[in-house]
Amino acid sequence: MPKSKRNRQVTLSKTKKKGRDHKEAIVNAIKEAAEKYSSVYVFSFENMRNQKFKQFREQLKSSSRFFLGSNKVMQVSLGRSASDEIRSGLHKVSKLLRGDAGMVFTNLPKEEVERLFKDFEEYDFARTGTVATESVDLKEGPLDQFTHEMEPFLRKQGMPVRLNKGVVELVSDFIVCEEGKPLSPEAARILRLLGIKMATFRLNLICRWSPDDFELYIDGPEESDVE
């Protein structure tokens, strides 16, 4: 007997792929922003944290507009050369949109933008693959920061532990991570339990454009590379 179509399972988590219409909407929004705002900055980011970035963006919502996504789409929007740029000099900005980068169009004074980006720094727990900023070693003995219920979980992370009269105890010294080496999934979990934050979310300015000025910051390449 054939299966009823009425009983067919439907996956509600499926989402429609972003197509041409979505890309065109971004292109149009960037072109409008280039006309509306007095300047645009390209910035790079390290250890992106979406919630923290959202808060920073909301803070500047009344004066600025951020774009973060496909570098190729943003480049096309601005123009990749002097012959197709939407405003004079924006092709230089386009060439600096590579890697982990984004743009912000703003009406804020230059000094205010530089201050906001310089002061923005958020510490968070490192994720798997992040390079350890320090070595963390645990010595043999009791681990009073953990309750006895944590013992099975800690053992699964590779820690040589046991319960001794209800107290979690390391039976030998244990290296959680080594400075300069990528964190394993287990190391990232243990560091979170220990409350050790090794990731710093930063936004670094690369360049600034206005109708009468173009400026590269320290983190950017030589100006001859973007002519």
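Residues numbered from 1 in each chain as written. Predicted model: local features only at pLDDT ≥ 70, side-chain atom pairs only at ≥ 80, totals over all residues. Heavy atoms only, no water.

Per an unreviewed UniProt entry, the chain carries the name Ribosome assembly factor mrt4 and comes from Abrus precatorius. According to the UniProt record, the Subunit (unreviewed entry) comment for the chain is "Associates with the pre-60S ribosomal particle." We quote the UniProt Sequence similarities (unreviewed entry) comment for the chain here in full: "Belongs to the universal ribosomal protein uL10 family." (UniProt positions renumbered as here; feature names shortened; annotations may be inferred.)

Undergrad: Could you clarify how one ought to interpret the overall build of the chain in this entry?
TA: Counting its secondary structure elements, the chain contains seven helices and 11 strands. Burial analysis of the chain (227 residues in total) assigns 39% to the buried set. Nonlocal contacts in the chain, meaning residues at least 24 apart in sequence, comprise 74% of its contacts between residues at least 6 apart. Carbon together with sulfur atoms contributes 47% to the accessible area of the chain, which is approximately 14500 Å² in total. (Helix = DSSP H or I, 4+ residues; strand = E, 2+ residues; numbered from the N terminus. Buried < 20%, exposed > 50% of the residue type's maximum accessible area, 1.4 Å probe, protein only. Contact = heavy atoms within 4.5 Å. Areas by Shrake-Rupley, 256 points an atom, 1.4 Å probe, with all protein chains shown as cover.)

Undergrad: Explain the pairing of strand β7 (residues 161-164) to me, please; I cannot follow it from the model alone.
TA: For a regular strand, side chains alternate in direction, first toward one face of the sheet and then toward the other. Pairing of β7 with strand β8 (residues 167-170) involves four bridges; the strand directions are antiparallel. Counted as the bridge partner of Arg-162 is Glu-169 from β8. In sequence, β7 turns back onto β8 through a hairpin of two residues, with Lys-165 there showing a positive phi of about 55°. (Pairing = 2+ DSSP bridges.)

Undergrad: Mind showing me how you'd approach unusual backbone geometry here?
TA: In terms of backbone geometry, most residues other than glycine have negative phi values and most peptide bonds are trans. Of note in the backbone geometry, Asn-47 takes a positive phi value of approximately 50° without being a glycine. Summarising the element assignment, Asn-47 is placed in the loop between β1 (39-46) and α2 (50-59).

Undergrad: I keep staring at the layout of surface pockets and nothing clicks. Help me out?
TA: Where empty space is left becomes clear once a probe the size of a water molecule has been rolled over the atoms. Of the pockets and cavities examined, the largest pocket occupies roughly 340 Å³. Of all the elements in the fold, those that place two or more residues in the lining of the largest pocket are α1 (20-36), α2, β2 (64-67) and α3 (71-78). Of all the elements, α1 adds the most residues to the lining of the largest pocket, at five residues. Residues of the lining of the largest pocket, tallied by class, amount to nine nonpolar, three polar and four charged. (1 Å grid on protein atoms, 1.4 Å probe; cavity = no way out; pocket = protein on both sides within 12 Å on 5 of 7 lines; lining within 4 Å. Points joined across faces, edges and corners; volume = space filled by probe spheres on them. Nonpolar A, V, L, I, M, F, W, Y, C, P; charged D, E, K, R; others polar.)

Undergrad: Any chance you could explain α1 here in plain terms?
TA: What sets the pattern is the α-helix's 3.6 residues per turn: residues three or four places apart point alike. Relative to the 24 Å expected for 17 residues at 1.5 Å per residue, α1 spans 24 Å between its end C-alpha atoms, a close match to the ideal helical length. Every buried residue of α1 is accounted for by Val-27, Ala-29, Ile-30, Ala-33 and Ala-34. Take α1 and look down its axis: the buried residues cluster within an arc of 165°, on one side only. Seen from the buried face of α1, the exposed residues on the opposite side, beyond 90 degrees, are Arg-20, Asp-21, Glu-32, Glu-35 and Lys-36. On the buried face of α1, the contacting elements are β2, α3, α4 (90-95) and β3 (101-106). (Expected span 1.5 Å × (residues − 1). Arc of directions from axis to C-beta.)

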